Structure formats: structure tokens, C-alpha cells
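So you can see what is in the structure, the chains are spelled out below.
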Amino acid sequence: MRVLVLFCLLIFCLLMLSSPASGEFKIPPGSRRVAAFTLDGGRVFISWRYKESDGAMAKYEVKRSDYKTGPYTMAGIFRKGEGTNFIDSTRTTGKTYYYFVTTPTGTSWIMDVKTSETGEPCLVIPIRDGSPCSRLTVGDLNGDGIFELIVCRTDQSGDSGPKALPDKPTLYFEAYTLDGEMLWRSSLHTGCGELDIPLVVWDVDGDGRDEVIIKYKEDGVERLVALNPANGKPSSETVLPGQLPEALHGKSVDCQAEDALSLFWDGSGQRELAAGGKIIRRDSREVLATYRGKPAGIADILGDWREELITIDGNSIRIYSTGIPTRIRRPSLMEDIRYRLCAARAAVGCRIHQTGSYDQ
């Protein structure tokens, strides 16, 4: 309950920082990224996002080439009743291939993948060396419809010399693209560690770009700061009322977190479980996939409507995606306002069950 109250308070404060159009949820009209991963035996798994605006009769054409500049040949056509994914089994091991998908509203990004005898659908993103990353969330920082990663980590070493403040660590917030490019880095000096720093990534002013909103304490004063999604620099700041509920001043957040995370994975339409380095089928306990690192989040950020498991493994972010085909066609879960709110709420202080219109 505490996390819900805190989330509502943050959203309310966001409205105070923004324009009259703030809080409006808009579905990004921009491009979409094809998810292309190599599987065992040189096979390639391809999936792409279906949007509500595509329409029920949407047809998709998947094309491939040995070269980025082409020529491209047809790999498959997918109509109503078919999923937005397929496995290309005709590839040669050790070669690089290029794929793109023609959608009703245009062409997706071109993705390249190098085939191998052994492979797994996992995207590995190196992050800048430094203190461990323990908080992570996702958002669309430039409004192109493709998500970026926002991480938080703390340098608790303190400054050296007579002005050293070891009890006031420096918080670093960094934004990365899915290709591993660091877009910006921002820092805050605060009197508490990163576990006490709730952040919300949301399009507050309605311009199609998600702002990064951080609640922190400095010199005993609760503050809310908004970071510009383009460069990470503070764009606005407000002091929170002093008489906040006690739950909002504490050093912990009470929530109903699950030890066994659940996610859409195998294409059955039902959620499966992720725990102990394994993703397992809920009913039979069959192992569907394995993962490395500490789970940091679950969200539908790549390919079709199945969810990705995001983990932190040292100085790398690992994004695990399914490699299992399905004929079920659903819109991207992040287009669902209920699901998107759950994804934003998880970054306030705990990892909770994502729910949306398709949950049963």
C-alpha cells in the first residue's frame, strides 16, 4: 500500500511541474525495432511489435539480405491469424544476415545477426565502469517509440579531505540505448542511499518523451527534480510539503513483492515463472530458458508482446528475450496504460507483478 501512495504522490507532483497537458498518455508513433537473435544450429529468431494502429488485418513482410545495402529477398509474409515472429532455419552458421520488417505504417529498423551453433536470445549492454548498478527502469527518452534504459547507482566512497561526507553518497543516473550507447549521465548529492531514491519515468508534459523524475532528500528537505530526457540535466525542481505521511519519509518501501517473478514467455498466453537463474513453465516446471545476473525488471521492450527479463550482471545489463514462436498476435504491452503504469510504479521502490488488459 505504501508504494501505491508514494507513486500517486509522485504523479501528483509531476503534474505541478508540467504544462496543462501533462499526464496525458500517448502511444509513440515512431519507428519500431526488430528483435533478431541467433539460436542453436545457426537458426535466427525474428520478432517485431504489433500496434493497435496497424489494424486487425495487418500484413507484415519480413525481408533479409547478406548485405546491409541489399538486395533483400522475401523471408515470409504474415497475415491475420499469424503471430509477429518466426524462425529462419535456412541460414548458414557463422554468417551475418540483415533483416527488416515492412509494416502497415512503414519500415522497421534493419537488424543484423551473426549465426552460430550455440546461441541464446540475449542482448548484452556494457555500462560504464564504476559502482554497482542496483536500480533500473525503462522509458522512451526521445519519442521514437524505442525504449532506453535508465540506471541508478551510488558512489559511497565520499570525497577525500577535511570536507569528506561519507554519509552523503553521490547518486549517478545514466541513460543507455539498446545498442549500448550512453546518452547522458547526471549526478545528485544526497543523504541516503539509492534504495531510498524512488524515480518515475513518464511523459509528464505530453511531448512524446519520457522525463526522469527523482525524489530525494538534501539537508533534511524532500525534493522532486525532473531530468531533461535529452541530456539528463535538471529541468525543474520543487520542494515537497513537510507534512508528508510517515510512510513516505521512511528508508524502506512496503510492497507485495514476489519471490517468483512471472512473465509472458512461451507464447501460450499464460505467464511463466523466473527464479534461481531459470525461466520455467508454471504448470509442468519445464525449464524454458536460463539467465545470469540479478533480475532488475520485466517489461515488453523488444519484439512482439512477450516480455523481456532484464538482469544486472556486473557492469553489464542483460536483456533476455524469448526464442519460442507463437501464432498469438497481441499489441505491444507497453501500449496498455494499465501495464505501463505498473512498469513505472515498479521503479518507485519494488519489483511487482506487471498486470495489463491481457492478464487472466
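Scroll up to find the structure this text is about.
Residues numbered from 1 in each chain as written. Predicted model: local features only at pLDDT ≥ 70, side-chain atom pairs only at ≥ 80, totals over all residues. Heavy atoms only, no water.

1. Looking at the overall build of the chain
No. 1: Helix and strand counts for the chain stand at two helices and 24 strands.
No. 2: Burial analysis of the chain (360 residues in total) assigns 52% to the buried set.
No. 3: Carbon and sulfur atoms make up 51% of the accessible area of the chain, which amounts to about 16200 Å² in all. (Helix = DSSP H or I, 4+ residues; strand = E, 2+ residues; numbered from the N terminus. Buried < 20%, exposed > 50% of the residue type's maximum accessible area, 1.4 Å probe, protein only. Areas by Shrake-Rupley, 256 points an atom, 1.4 Å probe, with all protein chains shown as cover.)

2. Remarks on the sheet that holds strand 19 (residues 271-275)
No. 1: Read from one edge to the other, the open sheet built from four strands follows the order 18-19-20-21, with strand pairing classed as antiparallel. The open sheet has two edge strands with one neighbour each: strand 18 (261-264) and strand 21 (287-290). The sheet shows a mean angle of 30° between the axes of neighbouring strands, direction not considered.
No. 2: Relative to strand 19, strand 18 runs antiparallel, the two sharing four bridges. (Pairing = 2+ DSSP bridges. Axes fitted to C-alpha atoms, helices over the stretch in contact; angles between N-to-C directions.)

3. Observations concerning the side chain of arginine 49
No. 1: With respect to the element layout, arginine 49 can be found in the loop between strand 2 (44-47) and strand 3 (60-65).
No. 2: Although arginine 49 is buried, it forms no salt bridge, and the closest oppositely charged side chain is aspartate 300 at an N-O distance of 6.1 Å.
No. 3: Reaching out from arginine 49, the side chain makes a polar contact with the backbone oxygen of glycine 145 at a distance of 2.7 Å.
No. 4: Residues in contact with arginine 49, not counting those within four places in the same chain, are Arg32, Asp54, Gly145, Phe147, Ile301, Gly303, Asp304 and Ser332. (Lys, Arg positive; Asp, Glu negative; His and termini not counted. Salt bridge = Lys/Arg side-chain N within 4 Å of Asp/Glu carboxyl O. Polar contact = N/O pair within 3.5 Å; in protein donor to acceptor, adjacent residues only side chain to side chain. Contact = heavy atoms within 4.5 Å.)

4. A word on the pattern of salt bridges
No. 1: The tally for this structure, following the rule as stated, stands at 18 salt bridges.
No. 2: Linking aspartate 179 and arginine 33 is a salt bridge whose minimum nitrogen-to-oxygen distance equals 3.3 Å. One end of the pair, aspartate 179, is in the loop between strand 12 (170-176) and strand 13 (182-189); the other, arginine 33, is in the loop between helix 1 (2-17) and strand 1 (35-38), and 146 residues separate them in sequence.
No. 3: What makes aspartate 179 exposed here is its relative accessible area of 55%.
No. 4: Two residues, arginine 153 and glutamate 174, come together in a salt bridge whose shortest N-O distance is 3.1 Å. Separated by 21 residues along the polypeptide, arginine 153 in strand 11 (residues 148-155) and glutamate 174 in strand 12 bring together distant segments of the chain.
No. 5: Taking relative accessible area as the criterion, arginine 153 reaches 0% and is therefore assigned buried.
No. 6: The buried category is assigned to glutamate 174, whose relative accessible area is 0%.
No. 7: Connected through shared salt-bridge partners, Arg64, Asp88 and Arg91 make up one network.

5. As for the sheet that holds strand 15 (residues 211-218)
No. 1: A sheet is described by the order of its strands in space; here four strands give the open sequence 14-15-16-17, paired in antiparallel fashion. Pairing within the sheet leaves two strands with one partner each, and these edge strands are strand 14 (199-202) and strand 17 (234-239). Across the sheet, the mean angle separating the axes of adjacent strands is 20° when strand polarity is ignored.

6. Here we look at the environment of asparagine 231
No. 1: Within the fold, asparagine 231 resides in the loop between strand 16 (221-227) and strand 17.
No. 2: A C-alpha to C-alpha distance of 9.6 Å links asparagine 231 and leucine 141, two positions 90 residues apart in sequence.
No. 3: Within the local environment of asparagine 231, its side chain forms a polar contact with the backbone nitrogen of lysine 233, the two atoms lying 2.9 Å apart.

7. With respect to the nonpolar core
No. 1: Core analysis: the largest hydrophobic core is formed by 28 residues, its most contacted members being Leu149, Leu178, Ile301, Leu302, Ile317 and Ile319.
No. 2: When contributions to this core are tallied by element, the ones reaching two or more residues are strand 1, strand 9 (122-126), strand 10 (133-139), strand 11, strand 22 (294-299), strand 23 (308-313), strand 24 (316-320) and helix 2 (337-349).
No. 3: In terms of residue count, strand 10 provides more of this core than any other element does, three residues in total.
No. 4: With sequence-adjacent residues up to four places away left out, isoleucine 317 is seen in contact with Leu123, Val124, Ile125, Ile127, Leu136, Leu149, Val151, Ile310 and Thr311. (Core = buried A, V, L, I, M, F, W, Y, C linked by side-chain atoms within 4.5 Å.)

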